[in-house]
Amino acid sequence: VSQAVTEPRIDFIERARAHVDRGLAECIEAADLPDNLRQAVAYAVLGGGKRLRPILTLLSCEAVGGRPEDARSGAVAIELIHCFSLTHDDLPAMDDDDLRRGRPTLHVHAGEAMAILAGDVMVSLAFAEIAGDPRLARRAEAQRRISHELAAATTAMIAGQVYDTLGGFPDSSPPAERLMLTHRNKTGALLRAACRMGGVAGGASEAQLEALSRYGAAIGLMFQVVDDLLDVTQSAEHIGKATGKDEGAGKLTWPLVHGVQESREEITRLRESAMQALSGLGPAADPLRAIGDFMAVRTR
Ligand code: IPE
Ligand code: IPE
Ligand code: MG
Ligand code: MG
Ligand code: MG
């Protein structure tokens, strides 16, 4: 009997998650929003989720010697962008999903117009969080770079969603290339940016930032290969969102293009290259190693 793989109950991850959850709640509380919009944002943002991107931001900051507070606004901001992407990804015009994080999706809960607008405002709240961070006020260059990383990754995520949903690939690119382009953009870019933003917040050297980038790119792609596999191997009840939908929806997925076995091998290779990328970072990067391992074996 195989033991269920759960999220690692390791202290530093729990600490990072609590830090992020506090930051998100404060951000939503402080925002100047009508009550119904605030409730919609709170529903989508505060109702569960693994918080992997903001945890990566905090751990990347600490891996290069920074304090978690230095990366807090970036962590909050990237989770807001991620929640925006999920809210819009689930809309009827997109993946048309009713279940997210084990609950009805926001458009089911509060209506489509509210889900669109709540997603929209998560974007502006994200950038206001970074721009208004008093801890970054004396570090204008870091603040600029963190915003720029997040903006570029958000643009890439949206481009990836277009590839995923509407096509628009370069002419005659074969399926494997289209798949890579889609996954690197729709999912990989934000995960890579999560690591880079943490690195910048923590004052990383260029070599450290390069290591975090390579780690982030590997786990970023790995993450979506795992997500594609979960769609074909897990139940909706277990993962809290619909499964078994990608193929019928005509999605280009790793198991569809490369097969299930090769997808598992790709996950192993990407996990190894993520660990390789961190080889110069020493024990301060152990939490990143642990979360990278978790992301390879997660079942939800
Ligand atoms: C789901 O991301 C969307 C993808 C990019 C595949 P997560 O699996 O990180 O979702 P939450 O935040 O834990 O709900
Ligand atoms: C979503 O990919 C990527 C995003 C940018 C949200 P999926 O459509 O596969 O994500 P899930 O499976 O709905 O979480
Ligand atoms: Mg989608
Ligand atoms: Mg989806
Ligand atoms: Mg999916």
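Whatever comes next refers back to the structure up there.
Residues numbered from 1 in each chain as written. Chains lettered and ligands numbered in written order. Predicted model: local features only at pLDDT ≥ 70, side-chain atom pairs only at ≥ 80, totals over all residues. Heavy atoms only, no water.

Before going further, it helps to spend a moment on the overall build of the protein. A tally of regular secondary structure across the protein gives 13 helices and two strands. In terms of C-alpha radius of gyration, the protein reaches 18 Å, essentially the compact-globule figure of 19 Å for 300 residues. Considering only C-alpha atoms, the protein reaches an extent of 50 × 50 × 45 Å along its principal axes. Within the protein, buried positions represent 52% of all 300 residues. The contacts in the protein between residues at least 6 apart in sequence include a share of 72% that link residues at least 24 apart. Entry remark: accessible area of the protein is about 13100 Å², with carbon and sulfur atoms responsible for 53%. Counting 33 positive and 41 negative side-chain charges, the protein places the averaged centre of each group 4 Å from the other. (Helix = DSSP H or I, 4+ residues; strand = E, 2+ residues; numbered from the N terminus. Rg over C-alpha atoms; globule rule 2.2 N^0.38 Å. Buried < 20%, exposed > 50% of the residue type's maximum accessible area, 1.4 Å probe, protein only. Contact = heavy atoms within 4.5 Å. Areas by Shrake-Rupley, 256 points an atom, 1.4 Å probe, with all protein chains shown as cover. Lys, Arg positive; Asp, Glu negative; His and termini not counted. Charge placed at Lys NZ, Arg CZ, Asp CG, Glu CD.)

Scanning the model with the defined rule gives two cavities of 30 Å³ or more in all. Empty space within the largest cavity amounts to approximately 120 Å³. Considering the residues around the largest cavity, the lining is formed by 13 residues, among which Tyr43, Ala44, Arg100, Arg101 and Leu106 are closest to the centre. Elements with a contribution of two residues or more to the lining of the largest cavity: α2 (35–46), α4 (68–89) and β2 (103–104). Top element by residues in the lining of the largest cavity is α4. It accounts for three residues. For the lining of the largest cavity, the per-class residue count stands at six nonpolar, three polar and four charged. (1 Å grid on protein atoms, 1.4 Å probe; cavity = no way out; pocket = protein on both sides within 12 Å on 5 of 7 lines; lining within 4 Å. Points joined across faces, edges and corners; volume = space filled by probe spheres on them. Nonpolar A, V, L, I, M, F, W, Y, C, P; charged D, E, K, R; others polar.)

Taken together, the residues surrounding ligand 2 are Ser85, Leu86, Asp89, Asp95, Arg100, Met157, Gln161, Lys186, Gln224, Asp227 and Lys241. Note that an oxygen atom of ligand 2 is positioned 2.7 Å from one of the side-chain N or O atoms of Asp95. For ligand 2, an oxygen atom lies 3.5 Å from a polar atom in the side chain of Gln224. Starting from 390 Å² of accessible surface for ligand 2 in isolation, the protein chains cover 89%. (Near = heavy atom within 4 Å. Polar contact = N/O pair within 3.5 Å; in protein donor to acceptor, adjacent residues only side chain to side chain.)

Moving on: the site of ligand 1. Taken together, the residues surrounding ligand 1 are Gly49, Lys50, Arg53, His82, Leu86, Arg101, Thr187, Phe223, Gln224, Asp227, Lys241 and Arg298. At a separation of 2.8 Å, an oxygen atom of ligand 1 approaches a polar side-chain atom of His82. Taken by itself ligand 1 offers 390 Å² of open surface, and the protein chains cover 89% of this. At a threshold of 2 Å from the grid points, most atoms of ligand 1 map onto the largest pocket. Every element with two or more residues in the shell around ligand 1 is listed here: α4 and α9 (206–233). Its residues assigned to classes, the shell around ligand 1 comprises two nonpolar, four polar and six charged. (Sits in = over half its atoms within 2 Å of the grid points.)

Protein coordination at the magnesium ion (ligand 4): the donors are Asp89 (OD) and Asp95 (OD), at 2.1 Å from the metal. Between the magnesium ion (ligand 4) and the magnesium ion (ligand 3), a spacing of 3.1 Å is present, and a bridge between the two is formed by Asp89. With a relative accessible area of 13%, Asp89 lands in the buried category. (Donors = N, O, S within 2.8 Å, 3.2 Å for Na, K, Ca; no water.)

The next subject is the packing of aromatic side chains. Applying the stated criterion to the full structure yields one aromatic pair. Between Tyr163 and Phe169, the ring centres sit 5.0 Å apart and the planes meet at 15°, which makes this aromatic pair stacked. Among the residues examined, Phe169 registers a relative accessible area of 15% and is labelled buried. Above the plane of the ring of Phe223 lies Arg53, whose end atom (NZ or CZ) is 5.0 Å from the centre. (Phe/Tyr/Trp six-rings, centres within 6.5 Å; stacked < 30°, edge-to-face > 60°. Lys NZ or Arg CZ within 6 Å of the ring centre and 35° of its normal.)

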